Amino acid sequence: MKLFLDLWTLVGVLAGAFFFFAGTVGLLRFPDSLTRLHALSKADNLGLGLVVLGLLPQMDSVAAGIKLVGIWLLVLLSGATAAQWIARTLRQSGPGP
Amino acid sequence: MIEVLNFGLAALILGLAVWTVVAREAPAAVVGFIVYGLLLTLVWLQLQGIDVALTEAAIGGGLTGVLLISAAVRLRSTESTARAQRPGASTRWLAAALSAAVTGALAICVLALPEPAPTLAPQVLANIAVTEVGNPITAVLLAFRAMDTLLEAIVLLFALIGVWSLAPDRAWGGRPGLLQQADGNGMLAYVARVLPPIGIVAGIYIFWIGADHPGGKFQGATLLAAMWLLVMMAGLVDAPSINRRWLRWLLVAGPLAFIAVGVLGAVTAGAFLSYPQGYAKTLILVIEFALMPTLTLVLGLMLLGAPLRGEAP
Amino acid sequence: MAEFLVGAAVFILAMVALGLMRILRGPGDADRIMAAQLLGTGGVAAVLLLGAASGEAATADIALTLALLAAFAAFAFVKAKLGQATGESRPTDSQ
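Parameters at a glance
Residues numbered from 1 in each chain as written. Chains lettered and ligands numbered in written order. Predicted model: local features only at pLDDT ≥ 70, side-chain atom pairs only at ≥ 80, totals over all residues. Helix = DSSP H or I, 4+ residues; strand = E, 2+ residues; numbered from the N terminus. Buried ≥ 20, exposed ≤ 12 C-beta atoms within 10 Å, placed from the backbone. Contact = placed C-beta atoms within 7 Å. Axes fitted to C-alpha atoms, helices over the stretch in contact; angles between N-to-C directions. Parallel < 35°, antiparallel > 145°, perpendicular 65-115°, else oblique. Left-handed = near helix turned anticlockwise from the far one by under 90°. Nonpolar A, V, L, I, M, F, W, Y, C, P; charged D, E, K, R; others polar. Core = buried A, V, L, I, M, F, W, Y, C linked by C-beta atoms within 7 Å. Expected span 1.5 Å × (residues − 1). Bend = angle between axes of the 7 residues up to and from the residue.

Across its full length, chain B carries 12 helices and 2 strands. By principal-axis analysis of the C-alpha atoms, chain B measures approximately 60 × 60 × 35 Å. Evaluated residue by residue, chain B yields a buried proportion of 37% over its 313 residues.

If you want it as structure tokens, here you go:
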């Protein structure tokens, strides 16, 4: 059982790290602001989400696990609304270089 | 792997510090400073100062960052004048040399500390049972060194009055900050309705667990102040005008309650701010409950700035 | 396992450092704000990983505070810089 849980953590955290990597690369290399915004939200949602998912077996209580998921949902909420707002403002003033 | 982390953090922090100093424009420097605060949080985590990391995350990252950004935005129009008045190269080199000297002296002092470094921690842990709280930081702040905390609360009030004193004469007693239109897009209004309930619960939670786990009134108050500021930013609530009676009462309530508890201690237990046997936790709770609204108001009002608008009819 | 988690935290920190490049270069404020958001989320992830590695339960509270204040700061920035561009928040005439 412990092996399975550890494997879960490994896979989850690695996948999350990959999405952070992808998001950062996107942020650095995509050609214009709106596409970079898209890359950023992947890191926010999936990157953190998979890391949280991977860390759940390492927590010593259900409450701690729920707290972790709560943190992810919070980041999701604020990230999504901020991205929407930035996108709307960019659209109004033109996407830029 | 830990060494890689520590070295990486140290290198990043140094790099950011250099960048913050040499950045050409204020907003870029501010962003560098905020990231610096975030990295410092990780450093505190590595040094096992969880309470300090909490405070750094709350104040260093969020609140100070917003304060500096609004200052930078307000100063934008004067940037060119400021740049023209920049001190000459020799002054800047002198400043750099002085800073390096101070850093060197600090480093030598820290490295020259005997192993193990002198500390009062064992005595705190030996006597913590008397204070009836589990978190040693809270015990130090509110029991062993309560006097310092009282003075710190009063200093914060003075700082707020200092900020208020920047108000133009005609705006004294008015509302701080510019009037915010309720966001036409609705995005900020949406966030300002959804996030604050969560933030308030989190703030009260962190305040409450400060008794036995890392946390406490200061970090909790910062969260509450941030949520209040968010609601005001969205235009859902207007800033209170500073001559409102309830505002002024709440501001002094914290330090007054603190002083009252101190006098009570002087009368019943022999010294100012000592706690009679068995009442320690109760009195600490009284102080914390009184200080929470005070701190929240102080932090929020300091970020809003001086009153800019006279009393609306 | 702890080693692995710390290693993951180091990796994410490296991503954060790379994201700083976008803050440096980013033409326009929106890009800088986006990079700052990435840093905030990366910071939360790093704190959670380090907390799990050290077994200290209270670090989740640090991540919670960071998440809330990063959200607050992000909205304050967007309002301050982009709101400026669209001309919101004018002072009312004072009496």
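On we go from here.
Okay, the overall build of chain C next. Check the secondary structure of chain C and you find 3 helices and 0 strands. When the helices and strands of chain C are read in sequence order from the N terminus, they spell out α-α-α. Per-residue burial for chain C yields a buried fraction of 67% across its 95 residues.

This part is about the environment of Thr9 of chain A. With respect to the secondary-structure elements, Thr9 of chain A resides in helix H1 (residues 2-29). Excluding anything up to four places from it in sequence, Thr9 of chain A contacts Gly54, Leu55, Pro57 and Gln58 of chain A together with Met1 of chain C.

With that settled, the discussion passes to the packing of helix H1 (residues 2-22) of chain B against helix H2 (residues 26-46) of chain B. Angle between the axes and distance between the axes: these two values describe a pair of packed helices. Residue and element names in this part refer to chain B. Taken N-terminus to C-terminus, the directions of H1 and H2 make an angle of 155°; their axes are 9 Å apart at the nearest point. Looking at the two axes, H1 sits roughly antiparallel to H2. Classified by chirality, the crossing of H2 by H1 is left-handed. Here Asn6, Leu9, Leu12, Ile13, Leu16, Ala17, Trp19 and Thr20 of H1 come into contact with H2, specifically with Ala29, Gly32, Phe33, Val35, Tyr36, Leu39, Leu40, Leu42, Val43 and Gln46.

All names here are of chain B. As a packed pair, helix H11 (residues 245-269) and helix H12 (residues 280-304) sit with axes 8 Å apart at the nearest point and diverge in direction by 150°. Considered as vectors, H11 and H12 are oriented roughly antiparallel to each other. The hand of the H11/H12 crossing is left-handed. Along the contact surface, H11 presents Leu247, Leu250, Leu251, Ala253, Gly254, Pro255, Ala257, Phe258 and Val261, while H12 presents Leu283, Val286, Ile287, Ala290, Leu291, Pro293, Thr294, Leu295, Leu297 and Val298. Residues that form the contact of H11 with H12 fall into these classes: 17 nonpolar, 2 polar and no charged.

The next thing to look at is the interface of chain C and chain A. Taken together, the contact between chain C and chain A spans 40 residues of the former and 41 residues of the latter. The greatest single-element share of the side of chain C that touches chain A, amounting to 14 residues, is contributed by helix H2 (residues 29-54) of chain C. Counted by class, the side of chain C that touches chain A contains 32 nonpolar, 6 polar and 2 charged residues.

This brings us to the nonpolar core. In summary, soluble globular proteins display a tendency toward joint burial of nonpolar side chains. Of all hydrophobic cores here, the largest spans 143 residues; its most connected members are Ile12, Leu48, Leu49, Ala67 and Phe75 of chain C. Among the elements that line this core, the one with the most residues is helix H3 (residues 59-86) of chain C, at 18 residues. Setting aside anything within four residues of it in sequence, one finds Ile12 of chain C in contact with Ala17 and Phe20 of chain A together with Gly42, Ala45 and Ala46 of chain C.

Taken together, the contact between chain B and chain C spans 51 residues of the former and 43 residues of the latter. Among the secondary structure elements, those contributing two or more residues to the side of chain B that touches chain C are H1, H2, helix H3 (50-74), helix H9 (187-209), helix H10 (217-233) and strand S2 (307-309) of chain B. A per-element tally of the side of chain B that touches chain C places H3 of chain B first, with 12 residues. Here the side of chain B that touches chain C is composed, by residue class, of 34 nonpolar, 14 polar and 3 charged.

Here H1 of chain A spans 40 Å end to end across 28 residues, near enough to the 40 Å set by a 1.5 Å rise per residue. Burial in H1 of chain A covers these residues: Thr9, Gly12, Val13, Gly16, Ala17, Phe19, Phe20, Gly23, Thr24 and Leu27 of chain A. Of the surrounding elements, those touching the buried residues of H1 of chain A are helix H2 (33-55) of chain A together with helix H1 (2-25) and H2 of chain C.

Residues and elements named next belong to chain B. Over its 25 residues, H12 extends 36 Å from the first C-alpha to the last, a length consistent with the 36 Å expected when each residue adds 1.5 Å. Its maximal kink placed at Leu291, H12 deviates by approximately 30°, while the proline Pro293 follows within four residues. Phi for Gly305, located one or two positions after H12, is positive at around 100°.

Take unusual backbone geometry next. Phi is positive for Gln48 of chain B, close to 65°, though the residue is something other than glycine. Inspection of the secondary structure puts Gln48 of chain B in the loop between H2 and H3.

Tracing the backbone shows Ala82 of chain B in helix H4 (residues 79-84). Sequence separation of Ala82 of chain B and Phe144 of chain B is 62 residues, and the distance between their C-alpha atoms is 46 Å.

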